[in-house]
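Results of the structural survey
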Amino acid sequence: MGVQEYIFYITKFTLIVVFAVSSFSKIRDINGFKQTISAFRILPSQLNVFAANLFALLEFLVVAFLIFGGKLTPLGLGLAAILLVIFAIALASTLLRGIKTSCNCFGTANKELRLADVIRNVALTLITLMSFWTHGQQAVESQNFATSAMLVGTGTIFGVFWINFSYIADMLGFEVKK
């Protein structure tokens, strides 16, 4: 297995972790997610409930498509990329308009939206597109158990890293203040 296959699988498992945590936290507290969408002030208020339910469902579908794999993998990667772009634009727009709210990307949080949240989504979009273009449209050979366990573990670690990216950026002093 070459480097591209490793990157593909690590990205796939990273996205499964990121979207599983994100979708399940939204489903668990759908009212909190509706309030977050409303606080972003992007959509007409009549669409906030529909958008919250739709995004939670689409995130869940990303996880399902990537877990089941095969011909569903390109669909999962494509849907993940689209959602990540939409979220990055929404986060950037909210930030640029100076709206003080939290991201709530992975559940209810009291931490204010910041540039690191946008950077996280852009970075995830780029690795998702890279995986889609390199391997998303072709079958990748099956792995032995040890290799699979290593790829799942690495993907999980990267998933946890990206979920906590804004906190890590704060801890390391990389936060850009307005």
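What counts and what doesn't
- Residues numbered from 1 in each chain as written.
- Predicted model: local features only at pLDDT ≥ 70, side-chain atom pairs only at ≥ 80, totals over all residues.
- Heavy atoms only, no water.
- Phe/Tyr/Trp six-rings, centres within 6.5 Å; stacked < 30°, edge-to-face > 60°.
- Helix = DSSP H or I, 4+ residues; strand = E, 2+ residues; numbered from the N terminus.
- Buried < 20%, exposed > 50% of the residue type's maximum accessible area, 1.4 Å probe, protein only.
- Lys NZ or Arg CZ within 6 Å of the ring centre and 35° of its normal.
- Salt bridge = Lys/Arg side-chain N within 4 Å of Asp/Glu carboxyl O.
- Axes fitted to C-alpha atoms, helices over the stretch in contact; angles between N-to-C directions.
- Left-handed = near helix turned anticlockwise from the far one by under 90°.
- Contact = heavy atoms within 4.5 Å.
- Nonpolar A, V, L, I, M, F, W, Y, C, P; charged D, E, K, R; others polar.
- Core = buried A, V, L, I, M, F, W, Y, C linked by side-chain atoms within 4.5 Å.
- Patch = residues over 30% accessible without salt bridge, like charges linked within 9 Å, V, L, I, M, F, W, Y side chains within 5 Å.
- Areas by Shrake-Rupley, 256 points an atom, 1.4 Å probe, with all protein chains shown as cover.

Observations concerning the packing of aromatic side chains
We describe a pair of aromatic rings using the distance from one ring centre to the other and the angle between the two ring planes. Scanning the entire structure with this criterion turns up four aromatic pairs. Ring centres of Phe55 and Phe87 lie 5.2 Å apart, and the angle between their planes is 65 degrees; on these two criteria the pair is classed as edge-to-face. Remark: Phe87 occurs in helix H4 (residues 72-96) and Phe55 occurs in helix H3 (residues 48-68); sequence separation between them is 32 residues. Relative accessible area serves as the criterion here: at 15%, Phe87 is assigned to the buried category. The positively charged end of Lys26 is found above the aromatic ring belonging to Phe33, 4.9 Å away from the centroid. Positioned above the aromatic ring of Phe87, the side-chain terminus of Lys26 is 5.8 Å from the ring centre.

Section: the pattern of salt bridges
This model, assessed by the stated rule, comprises four salt bridges. A salt bridge links Glu112 to Lys100; its shortest N-O distance comes to 3.8 Å. Taken together, the residues span a long stretch of sequence, with Glu112 in the loop between H4 and helix H5 (115-136) and Lys100 in the loop between H4 and H5 at a distance of twelve residues. Classification of Glu112 as partly exposed rests on a relative accessible area of 41%.

Focus: the packing of helix H1 (residues 3-28) against H3
For any two helices packed against each other, the geometry is given by the interaxial angle and the distance between the axes. Contact pair H1 / H3: the axes reach a minimum separation of 8 Å and the direction vectors enclose 150 degrees. The hand of the H1/H3 crossing is left-handed. Every residue of H3 that contacts H1 at Lys12, Leu15, Ile16, Phe19, Ala20, Ser22, Ser23, Phe24, Lys26 and Ile27 is listed here: Ala56, Glu59, Phe60, Val62, Val63, Leu66 and Ile67. Class assignment for the residues of the contact of H1 with H3 results in twelve nonpolar, two polar and three charged.

Comments concerning the environment of Ile82
Structurally, the position occupied by Ile82 is in helix H4. Overall, the relative accessible area of 52% leaves Ile82 in the exposed class.

Focus: the environment of Glu5
Here Glu5 lies in helix H1. Take Glu5: its relative accessible area is 17%, and that puts it in the buried class. As for Glu5 and Ser131, which are separated by 126 residues in sequence, their C-alpha atoms are 8.9 Å apart.

Considering the nonpolar core
Counting 27 residues, the largest nonpolar core has Leu15, Phe19, Phe55, Val62 and Leu83 as its most contacted members. Among the elements of the structure, H1, helix H2 (30-40), H3 and H4 are those that each provide at least two residues to this core. Among the elements that make up this core, the one with the highest residue count is H3 (nine residues). Apart from residues lying up to four places away in sequence, Phe55 is in contact with Phe33, Ile37, Leu83, Ile86 and Phe87. The next biggest cluster of nonpolar side chains, apart from the first, holds eight residues, and it includes Ala90, Leu91, Cys103 and Val118.

A closer look at a nonpolar patch on the surface
Together, Ile42, Leu43, Leu47, Phe50, Leu54 and Leu57 give the surface a local cluster of nonpolar side chains, amounting to about 510 Å² of exposed area. The residue Leu54 is located in helix H3 in this model.

What to know about H2
Burial in H2 covers these residues: Ile30, Gly32, Phe33, Lys34, Thr36, Ile37 and Phe40. Check the buried side of H2 and you find it contacts H1, H3 and H4. Once H2 ends, the next one or two residues include Arg41, with phi positive near 55 degrees.

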